[in-house]
Amino acid sequence: MSFLSKSLLGQTLQTIGVLMLVMLVGLFLDSEFVAKSYYKHAQWINNVLVVILFIFLYLKSPKRTREQLIYAFLIAIVGEYVFSKFLGMYTYRLENIPHYIPPGHAVVFLLVYNFCKKSEVRKHSHSIEKVLTIVIAILAISFLVVKNDIYGFLLTVLVFYFLRKHPKEKLFYLTMYVFVVYTEIIGTAFNCWEWPPIAFDKFSFLPSANPPIGISFFYFGLDRGTMSIYKRRHKKEWNRLKQIRAISLKV
C-alpha cells in the first residue's frame, strides 16, 4: 500500500479517483431514475452526504486549506444563483439549487488542488499536461463535429487562451477541465441538470451540447476567486512563499 501511495497511479487514485467515485455515487442518488423508481426525496441523501464529506475534509485540512475551502464554498453559492437562477445558463432537475452543489464545488477544488501537489504528479507534470491537452482537444473537436457544440468549442478556445497567461497553473486547470467534463456528462446523463440547446437559452448563433464541452471555463472563476481572496488576505505570507520557491528553483 505504501508503494502504491508513492506511485503516480496511487496518488491519482487517492485524489482524482476518490473524487470520481464520490461524484458518480452522489449524482446517481440525485438522478431522475432514483427519484422516480425508489425515493423522490433522494436528493436530500446526497445533500447530507456531501455536507458530511465537506466537514470531514475541512477538519482534516491545514489552516490555509480550510480558509480556501470556505472561500470556494461562498463563491460557489453566489455563482450558482447568478448563473442558474439569474442568467438561466442551466437548470437543475427540481429547478432549485441543490444544497450539495456549493460544498461539492469546494470539495472538487480541494481534491484537484491536492492532486496537483502530489510528489509524483509534480514530477511528471509536463507529461501529464501534454496528455490532458491532447485529450481536451479531441473532446472539443468531437463535440463540435458530432453535436455541433459551437458554444463549448469556443469556451475551450478561451480556456487555452487563459492558460497562456497563467502557465504555472496549467496542470490544475487542465485537470479541472477534464474532471468537469466527467461531472457534466454524468450529471446530464442522470438528468440531475440540463443545458439549453443554445448558450444561455438566448444566443441562437451559439448552439450548445448538453453539456457544452468547455463549460469548465466558468468553473475557473471559482478557482481564481478562491486563490485571489486568499492571496489578498495573506500578502506577506504569499510573497514569502514565492521567494522561497524562486530560491529553490535556482538551487
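Predicted model, so just to flag it, every value in this text is computed and none were measured.

Q: Help me understand the overall build of the protein, please; the structure alone is not making it clear to me.
A: Per the secondary structure count, the protein includes twelve helices and four strands. On C-alpha atoms alone, the protein measures out to a radius of gyration of 19 Å, which is about the 18 Å that the 2.2 N^0.38 rule sets for 251 residues. Counting only C-alpha atoms and orienting by the principal axes, one finds that the protein spans roughly 60 × 40 × 40 Å. A buried classification covers 44% of the 251 residues belonging to the protein. Look at the contacts in the protein between residues 6 or more apart in sequence, and 73% of them connect residues 24 or more apart. As displayed, the protein has an accessible area near 14,200 Å², and 68% of this comes from carbon and sulfur atoms.

Q: Looking at this structure, I do not really get helix H2 (residues 8–29). What am I missing?
A: Taking 1.5 Å per residue as the helical rise, H2 with its 22 residues ought to reach 32 Å, and the 31 Å between its terminal C-alpha atoms agrees with that figure. The largest bend along H2 measures about 40 degrees and falls at Gln14. Listed in full, the buried residues belonging to H2 are Gly10, Gln11, Thr15, Ile16, Leu19, Met23, Gly26, Leu27 and Leu29.

Q: I'm lost on the packing of helix H9 (residues 150–165) against helix H10 (residues 170–189) in this one. Help?
A: Each pair of packed helices can be summarised by the angle the axes make with each other and by the distance between the axes. Closest axis-to-axis distance for the H9/H10 pair is 10 Å, and the angle between their directions is 165 degrees. In this view, H9 runs roughly antiparallel relative to H10, as classed from their interaxial angle. The crossing of H9 and H10 is right-handed. Packed against H9, whose contacting residues are Thr156, Val159, Phe160, Phe162 and Leu163, the element H10 presents Lys170, Tyr173, Leu174 and Tyr177 at the interface. Partitioning the contact of H9 with H10 into residue classes produces seven nonpolar, one polar and one charged.

Q: It is not clear to me how the nonpolar core should be interpreted in this structure. Could you clarify?
A: If you look at the biggest cluster of nonpolar residues, it comprises 60 residues, and the most contacted ones within it are Val112, Tyr151, Phe172 and Ile215. Taken together, the elements giving at least two residues each to this core come down to H2, helix H4 (43–60), helix H5 (63–86), helix H6 (101–117), helix H8 (125–147), H9, H10 and helix H11 (216–233). In this view, Val112 contacts Ile16, Leu19, Phe172, Thr175 and Met176; residues no more than four positions away in its chain are not counted.

About the criteria used
Residues numbered from 1 in each chain as written. Predicted model: local features only at pLDDT ≥ 70, side-chain atom pairs only at ≥ 80, totals over all residues. Heavy atoms only, no water. Helix = DSSP H or I, 4+ residues; strand = E, 2+ residues; numbered from the N terminus. Rg over C-alpha atoms; globule rule 2.2 N^0.38 Å. Buried < 20%, exposed > 50% of the residue type's maximum accessible area, 1.4 Å probe, protein only. Contact = heavy atoms within 4.5 Å. Areas by Shrake-Rupley, 256 points an atom, 1.4 Å probe, with all protein chains shown as cover. Expected span 1.5 Å × (residues − 1). Bend = angle between axes of the 7 residues up to and from the residue. Axes fitted to C-alpha atoms, helices over the stretch in contact; angles between N-to-C directions. Parallel < 35°, antiparallel > 145°, perpendicular 65-115°, else oblique. Left-handed = near helix turned anticlockwise from the far one by under 90°. Nonpolar A, V, L, I, M, F, W, Y, C, P; charged D, E, K, R; others polar. Core = buried A, V, L, I, M, F, W, Y, C linked by side-chain atoms within 4.5 Å.

It is worth stressing that arrangement in space is one thing and function is another; only the former is reported here.
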